[in-house]
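An overview of the molecular structure
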Amino acid sequence: MTKNISLTRYLVEQQRSEGHIPSQLRLLLEVVARACKSISQAVNKGDLGDVMGSAESENIQGEMQKKLDIIANEVLIEANEWGGHLAAMASEEMEGIYVVPNRYPQGEYLLLFDPLDGSSNIEVNVSIGTIFSVLLKPEGTGVSEQDFLQAGAKQVAAGYCVYGPQTTLVLTVGDGVAMFTLDREQGSFILTKENVKVPEDTKEFAINMSNMRHWDAPVKRYVDECLQGVEGPRAKDFNMRWIASMVADVHRILTRGGVFMYPWDKREPNKPGKLRLMYEANPMSWLIEQAGGAATNGKERIMDIAPSKLHERVSVILGSKNEVERITRYHHEA
Ligand code: AHG
Ligand code: MN
Ligand code: MN
């Protein structure tokens, strides 16, 4: 790989030779990356800055907000509202959509984000991240919540930034998956992996095992077979990981394969799942599919789900293709 290709150059080349991205989308992605750099700075301050701990407030999903959830949300809004590339934004941390104020020009894109994923890991110094998804606003004047309710297959860009031992931005614009590592001396994201591929087979699964007694039969069957190892029907030993930051678990799967599950369970039977379709499941599903993996809710491809509300939840099973297909089969057989 040619050394030192910055995110800026990668995006310019995508625009120029591949024709994948119009200039306004390129600008949008540059701004999102800049916001992620700023969030990365805040995350890195830790106890030295006023960024740790609870904000003593609740978001629309009834979850306690951390200071960093709110800081990251504000950074993303402030960075993106004035550039003229967006019509509106939606966030896991805001009840309604955020329409670009009248004092700025309105663009044709919609940006959705989980500003800070893995909030329970902030205080313990474990990887967290930002997840984002970009849609085109349907034709017509004005912008409403309805405009956001598009299936994941309509995304024009998606990605995440993981704040771990390194800060890494992972992106797709429909031309495979590329990874960029933040070079803090240069202050820019540098291309470090291209054409990322998720191995089709794996011996590693990720699920919160403490919920086992609440799972549905197909998920129980799958995990149980993995746990039986070489003596069981899979005839191989499996390893398990659970970071409790979807960004970090997905990053591992994009790097070395694996399967990630946050399935529907009996704790709250009326809720389709814990994770959010628009801010978490759709962008991660597209990245995984672009890398040759698969993503389903057990019955249906996640990116085909027609959302009925902004904060919709969904059951998530994604990663190495053959494992995801096996789990889907178990769902159909049940
Ligand atoms: P968020 O911090 O944005 O609310 O998301 C946390 C999500 C996801 O990142 C992770 O996979 C999952 O919640 C962890 O849930 P458990 O604590 O139930 O394992
Ligand atoms: Mn999240
Ligand atoms: Mn979050």
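Residues numbered from 1 in each chain as written. Chains lettered and ligands numbered in written order. Predicted model: local features only at pLDDT ≥ 70, side-chain atom pairs only at ≥ 80, totals over all residues. Heavy atoms only, no water.

**Points about the coordination of the manganese ion (ligand 3)**
To keep things clear, this is the line we draw: Keep in mind that water is not among the atoms, so a site may look incomplete; donors are the N, O and S atoms within 2.8 Å of the metal, or 3.2 Å for Na, K and Ca. Only protein chains enter the accessibility calculation, which uses a 1.4 Å probe. A residue is then buried if its area is under 20% of the maximum for its type, exposed if over 50%, and partly exposed in between.
On the protein side, the manganese ion (ligand 3) has Glu-92 (OE), Asp-114 (OD) and Leu-116 (O) as donor atoms, found 2.2 to 2.3 Å from it. Within one chain, the residues donating to the manganese ion (ligand 3) are spaced in sequence as E-x21-D-x1-L. Between the manganese ion (ligand 3) and the manganese ion (ligand 2), a spacing of 3.7 Å is present, and a bridge between the two is formed by Asp-114. An identical accessibility class is assigned to Asp-114 and Leu-116; each is buried.

**What to know about the environment of Asn-125**
Put simply, the rule is: A run of H or I in DSSP becomes a helix once it reaches four residues, and a run of E becomes a strand once it reaches two; helices and strands are each numbered from the N terminus.
Structurally, Asn-125 can be placed in the loop between β5 (109-117) and β6 (128-136). Distance from Asn-125 to Leu-112, taken between C-alpha atoms, is 26 Å for residues 13 residues apart in sequence.

**Describing unusual backbone geometry**
Its identity as a non-glycine residue notwithstanding, Ala-235 has a phi of 55°, on the positive side. Inspection of the secondary structure assignment puts Ala-235 in the loop between α5 (217-227) and β12 (239-240). For Ala-235, a relative accessible area of 51% puts it in the exposed group.

**Focus: the pairing of strand β9 (residues 178-183)**
The cut-off we apply is this: Paired strands, in this sense, are two strands between which DSSP finds at least two bridges.
Alignment of strand β8 (residues 167-172) against β9, held across four bridges, turns out to be antiparallel. Looking at β9, one finds that Leu-171 is bridged to Ala-178. Two successive antiparallel strands, β8 and β9, enclose a turn made up of five residues, where Gly-174 displays a positive phi of approximately 95°. Hairpin remark: β9 followed by strand β10 (residues 188-193), antiparallel, with four residues in the connecting loop; positive phi at Gly-187, about 75°.

**Some points on the sheet that holds strand β13 (residues 259-262)**
What counts here: We call two residues in contact whenever any of their non-hydrogen atoms come within 4.5 Å of each other. Interaxial angle, 0 to 180 degrees, is taken between N-to-C directions of lines fitted to C-alpha atoms, where a helix line uses only the stretch in contact.
With mixed pairing, the five strands of this open sheet are ordered in space as β12-β11-β13-β17-β15. Among the strands making up the open sheet, the edge pair consists of β12 and β15 (294-296). Pairing geometry for strand β11 (residues 204-206) and β13, over two bridges, is parallel. Counted as the bridge partner of Ala-206 is Phe-260 from β13. Strand contacts of α5: β11 and β13, with the helix running at about 140° to β13, the strand carrying the most contacts. Contacts from helix α7 (residues 277-290) reach β15 and β17 (316-319) within the one sheet, and its direction differs from that of β17 by about 25°.

**Topic: the domain arrangement of the protein**
Applied cut-off: An automatic or database domain assignment is the source of the domain bounds shown. As used here, buried area is the combined drop in accessible area, with a 1.4 Å probe, of two parts when they are placed together. Throughout this description, the term salt bridge denotes a Lys or Arg side-chain nitrogen within 4 Å of a carboxyl oxygen of Asp or Glu. Definition of a polar contact: a pair of N or O atoms within 3.5 Å, with one able to donate and the other able to accept a hydrogen when the atoms are protein atoms, and with sequence-neighbouring residues admitted only if both atoms are side-chain atoms. Polar here means any residue outside two lists: the nonpolar Ala, Val, Leu, Ile, Met, Phe, Trp, Tyr, Cys and Pro, and the charged Asp, Glu, Lys and Arg; Gly therefore counts as polar.
When the domains of the protein are assigned, the result is domain 1 (7-193) and domain 2 (204-333). Distance from the C-alpha centre of domain 1 to the C-alpha centre of domain 2: 24 Å. Each partner contributes to the interface: domain 1 provides 51 residues, whereas domain 2 provides 31 residues. With both sides pooled, the region where domain 1 packs onto domain 2 buries about 2900 Å², and carbon together with sulfur makes up 64% of that total. Among the residues domain 1 hides against domain 2, the three largest losses belong to Ile-131, Leu-149 and Tyr-160. Together they make up 19% of the total. Scanning the region where domain 1 abuts domain 2 turns up three salt bridges. Summed over the shared surface of domain 1 and domain 2, the result is 15 residue pairs in polar contact (both at pLDDT 80 or more). Put simply, the parts of the chain that give the side of domain 1 that touches domain 2 at least two residues each are β3 (86-91), β5, β6, α4 (145-148), β7 (157-163) and β8. Here the side of domain 1 that touches domain 2 is built from residues that sort into 25 nonpolar, 18 polar and eight charged.

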